[in-house]
Amino acid sequence: MENRDQLFQYCLRLGDSSLVIGHRLSEWCGHGPILEEDIAMTNISLDLIGQARIMLTYAGQVEGKNRSEDDLAYLRDSMDFRNLMITEQPNGDFGKTMMRQFFFSTYCYFLYQQLTKSKDATIAAFAEKSLKEVTYHVRHTSEWIIRLGDGTEESHERVQEAADELWMYTGEMFTADEVDELMLKSGIGADLDKVKQEWANLVNDIFKKATLKVPSGSYMITGSKKGKHTEHLGFLLAEMQFLPRAYPGASW
Amino acid sequence: MTGTLTREEVYRHLYEVFDPEVPVLSIVDLGIVRDVAVSDQMVEVFITPTYTGCPATKVIEDDITSKLKSEGITELKITTVLSPAWTTDWLTEEGRTRLREFGIAPPEGMADKNVLFGEPKKVHCPHCGSLNTLMKSQFGSTACKALYFCNDCVEPFDYFKCI
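Residues numbered from 1 in each chain as written. Chains lettered and ligands numbered in written order. Predicted model: local features only at pLDDT ≥ 70, side-chain atom pairs only at ≥ 80, totals over all residues.

A. Geometry of the pairing of strand β2 (residues 43-47) of chain B. All names here are of chain B. Only one face of β2 is buried: it carries Val 43, Val 45 and Ile 47, and the other face, with Glu 44 and Phe 46, is open. Note: strand β1 (residues 33-38) against β2, five bridges, orientation antiparallel. Opposite Asp 35, over in β2, you have Phe 46 as the bridge partner. The antiparallel hairpin formed by β1 and β2 contains four residues in its connecting segment. With five bridges joining them, β2 and strand β3 (residues 76-80) adopt parallel strand pairing. Opposite Val 45, over in β3, you have Ile 78 as the bridge partner. (Buried ≥ 20, exposed ≤ 12 C-beta atoms within 10 Å, placed from the backbone. Helix = DSSP H or I, 4+ residues; strand = E, 2+ residues; numbered from the N terminus. Pairing = 2+ DSSP bridges.)

Here it is in structure tokens:
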């Protein structure tokens, strides 16, 4: 297979981001502010973990070393994970979780639109399927951003703070490295400049409706595409990977 | 060996496999059986998940296997296909009727093509038929359903959402 290593990396990025943010959302299970939101967040989490399963299974096939989706999810350490740093950030309050999800789902929405035309049949099918689910995620989180931003003084302040805190993690979504460039050139990957433009338009539009200020900070932290992460990922993995590491081969 | 088995017979057997979460709805009416291939050596069933994370998918695979085994089909392969992605447009009329009888409002109209925002759909209450209903949450008891409320008969109900 041509460019096997790069395609493997590309699949890991897609799969790991969905897996990690899906796990983060699952932490809300039983803790949602109201029953409907508890159900909504776990539903979204389930979608994301389902998407991760497809992509990690495929990554294992591309790599050709007989690693299953479970091997990749449970038996790698943080430096081998390729999820975007925004996906591993702690939940904070409900407003911060919605903001993180809004930033990420909006990115996926425009990314997957392009990937439905990927020359890689599995990535195209993954994108076509996932896009239907992600559309619901964008709609749901946008409505919350508007409601919280244009809500009470307290909710406005907290959701603005969440946007400010998370802003520096949004840059790497659109920072193309040599893997992204090669995948774009070979018709497999997406044009991240275009995703950035579309993402910024929707974020501006929703923030305006929410009476929120789009953060102006220009410092963006990057590195997850090469395995650099914030300290939070290790703790997340410790919980997520505990069982299969303590009881190898466990099944039910 | 599959002997003289035909594709139609396999479909007939599959018609008797039900969605574990909506046990009145056949997986054929639900539209997740995409194709069946019968050769001298084996039967291959092509299925597609409703949602990527749907936990019922594994149960459905197991149910297909045990149903077809009980019909004497020993050489069986189940293949998952992702494209074209499942849509509620594939729900049959029979399936829609069954859903309504079960108390779940069937999808209204055709699937929206990537419409991001807009008014929530007007949905008929499966209990009293009223259109005076309100969406409470886009996410319901399972991934495929939204939560609605009927202002006339004052009952909550699930809506099988259009995707």
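Next comes the rest of the description.
B. Focus on the environment of Lys 196 of chain A. By the secondary structure assignment, Lys 196 of chain A is in helix α9 (residues 192-209). When the C-alpha atoms of Lys 196 of chain A and Leu 111 of chain A are compared, they prove to be 9.2 Å apart, with 85 residues separating the residues in sequence.

C. Representation of the interface of chain A and chain B. The partner chain B presents 17 residues to the 23 residues of chain A that form the contact. For the side of chain A that touches chain B, the element with the highest residue contribution is helix α6 (residues 121-149) of chain A, accounting for 13 residues. Each residue belonging to the side of chain A that touches chain B can be placed in one class, and the counts come to 10 nonpolar, six polar and seven charged. (Contact = placed C-beta atoms within 7 Å. Nonpolar A, V, L, I, M, F, W, Y, C, P; charged D, E, K, R; others polar.)

D. Up close: the sheet that holds β1 of chain B. All names here are of chain B. Taken in spatial order, the three strands make up an open sheet running β1-β2-β3, and their pairing is mixed. Two strands close off the open sheet at either side, each with one partner strand: β1 and β3. In this sheet, neighbouring strand axes are inclined to one another by 15° on average, regardless of whether the strands run parallel or antiparallel. Its contacts with the sheet place helix α1 (residues 7-14) against β1 and β2, and it is angled at close to 135° to β1. Each of β2 and β3 is contacted by helix α3 (residues 56-70), which is oriented at about 155° to β3, the strand it contacts most. (Axes fitted to C-alpha atoms, helices over the stretch in contact; angles between N-to-C directions.)

E. Inspection of the sheet that holds strand β7 (residues 156-160) of chain B at higher detail. Residue and element names in this part refer to chain B. Ordered in space as β4-β7-β6-β5, the four strands form an open sheet in which the pairing is mixed. Each of the sheet's edge strands pairs with one partner strand only, and the pair in question is β4 (104-105) and β5 (133-137). Judged from the two bridges that link them, β4 and β7 form a sheet pairing that is parallel. Counted as the bridge partner of Ala 105 is Tyr 159 from β7.

F. Representation of the nonpolar core. All names here are of chain A. With 107 residues, the main nonpolar core has Cys 11, Met 55, Ala 59, Met 99, Tyr 107 and Ile 145 as its most contacted residues. In terms of residues, this core owes the most to one element, helix α5 (residues 94-115), which gives 13 residues. Excluding its chain neighbours within four sequence positions, the residues that come into contact with Tyr 107 are Met 173, Val 195 and Trp 199. (Core = buried A, V, L, I, M, F, W, Y, C linked by C-beta atoms within 7 Å.)

G. Spatial organisation of α6 of chain A. Helix length check: α6 of chain A, at 29 residues, gives a terminal C-alpha distance of 40 Å against a target of 42 Å (1.5 Å per residue), a fit within 8%. Bending of α6 of chain A peaks at approximately 35° at the position of Leu 131 of chain A. (Expected span 1.5 Å × (residues − 1). Bend = angle between axes of the 7 residues up to and from the residue.)

Everything listed is a geometric property; what it means functionally is a separate question.
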